[in-house]
Amino acid sequence: MSESLDHVARIQREWARERPDLDVSPQGVIGRLHRLAGHLTEQLCVVYRRYGLAEGEFDVLATLRRGGPPFERAPGELAAFTMVTTGAMTKRVDRLERDGLVTRRPSERDGRGRVVALTSAGRDLIDRAFADHMRNERRLLDDLLPEEAAHLETLLTTWLARFETPGKAETTVPRAICTPTAG
């Protein structure tokens, strides 16, 4: 019988045996979401690597591209939208600039500020990578029936809204500071 149980179910069964005084049912949702997030990230990174990008670099290029013309933002904005520190953002921008995908220049609005902008090579790369990324996400989601995917989106939207304040969602998501496990 244990052969048919998934990893999380086996953990729950062991905890239920060892700590029958505790309700371990939350692991059924949280543990599976954690494991699924890891699997999904692995699959998403396959596409990023195909374009010579790390996940964070893809994030920077996508953030610049989706902002529309002139495809530029201040480094602080980029850090907020991609949920990293300004120091981490500097490292990402350094690499992207070295590869000719972005440029930095003084801000026209603030003489002391800087602006990071997509180059034509950066725009071409992110346009191709993003199209591939969307095909990959579609492939991953196609493991569910359309009604299952719609129901899951509704549930996740509702739950996420309880964590995030409208207008602040992109800047308040904490990054993991530990290596989470299901058990």
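Right above here is the structure, for reference.
A. Examining the overall build of the protein more closely. For the protein, the helix and strand inventory stands at 8 helices and 3 strands. Ordered by position from N to C terminus, the α and β elements of the protein give α-α-α-β-α-α-β-β-α-α-α. With 183 residues in all, the protein has 30% of them scored as buried. Taking all contacts inside the protein whose residues are at least 6 apart in sequence as the whole, residues at least 24 apart take part in 51%. With the model as given, the accessible surface of the protein reaches about 12400 Å², and the carbon-plus-sulfur share is 57%.

B. Region of interest: the packing of aromatic side chains. Counting across every chain of the model gives 2 aromatic pairs. Measuring from ring centre to ring centre gives 6.4 Å for tryptophan 159 and phenylalanine 163, while their planes differ by 55 degrees; the resulting arrangement is tilted. On the accessibility criterion, tryptophan 159 (34% relative accessible area) is partly exposed.

C. Quick look at the pattern of salt bridges. Scanning all chains against the criterion turns up 15 salt bridges. The partner of aspartate 21 in a salt bridge is arginine 19, with the nearest N and O atoms 2.7 Å apart. Among the ionic pairs, aspartate 99 bridges to arginine 98, the shortest N-O distance being 3.6 Å. Judged by its relative accessible area of 35%, aspartate 99 is partly exposed. When salt bridges with common partners are traced through the structure, they connect Glu57, Arg95, Arg98 and Asp99 into a single cluster.

D. Summary view of the nonpolar core. If you look at the biggest cluster of nonpolar residues, it comprises 26 residues, and the most contacted ones within it are Leu53, Leu61 and Val102. Among the elements of the structure, helix 2 (26-50), helix 3 (55-66), helix 4 (75-82), helix 5 (86-98), strand 3 (114-118) and helix 6 (120-141) are those that each provide at least two residues to this core. Here the element with the most residues in this core is helix 3; it accounts for 5 residues. Look past the residues within four positions of leucine 53 in its chain and what remains in contact with it is Tyr48, Phe58, Leu61, Arg95, Leu96, Leu101 and Leu125.

E. Examining a nonpolar patch on the surface more closely. Together, Val29, Ile30, Leu33, Leu141, Leu144, Leu152, Leu156, Trp159, Leu160 and Phe163 line one region of the surface with nonpolar side chains, adding up to about 840 Å² of accessible area. Only helix 2 and helix 7 (146-161) provide two or more residues apiece to the nonpolar patch. Here the nonpolar patch takes 4 residues from helix 7, the largest share from any one element. The residue leucine 141 is located in helix 6 in this model.

F. Spotlight on the sheet that holds strand 1 (residues 72-73). Taken together, 3 strands build an open sheet; the order of strands is 1-3-2 and the sheet is antiparallel. With partners counted over all chains shown, the strands left at the sheet margins are strand 1 and strand 2 (102-106), one partner each. Bridging between strand 1 and strand 3 involves 2 bridges; their strand directions are antiparallel. Looking at strand 3, one finds that glutamate 72 is bridged to alanine 117. The strands that helix 5 touches are strand 2 and strand 3; relative to strand 2, the one it contacts most, it runs at about 115 degrees.

Cut-offs applied
Residues numbered from 1 in each chain as written. Predicted model: local features only at pLDDT ≥ 70, side-chain atom pairs only at ≥ 80, totals over all residues. Heavy atoms only, no water. Helix = DSSP H or I, 4+ residues; strand = E, 2+ residues; numbered from the N terminus. Buried < 20%, exposed > 50% of the residue type's maximum accessible area, 1.4 Å probe, protein only. Contact = heavy atoms within 4.5 Å. Areas by Shrake-Rupley, 256 points an atom, 1.4 Å probe, with all protein chains shown as cover. Phe/Tyr/Trp six-rings, centres within 6.5 Å; stacked < 30°, edge-to-face > 60°. Salt bridge = Lys/Arg side-chain N within 4 Å of Asp/Glu carboxyl O. Core = buried A, V, L, I, M, F, W, Y, C linked by side-chain atoms within 4.5 Å. Patch = residues over 30% accessible without salt bridge, like charges linked within 9 Å, V, L, I, M, F, W, Y side chains within 5 Å. Pairing = 2+ DSSP bridges. Axes fitted to C-alpha atoms, helices over the stretch in contact; angles between N-to-C directions.

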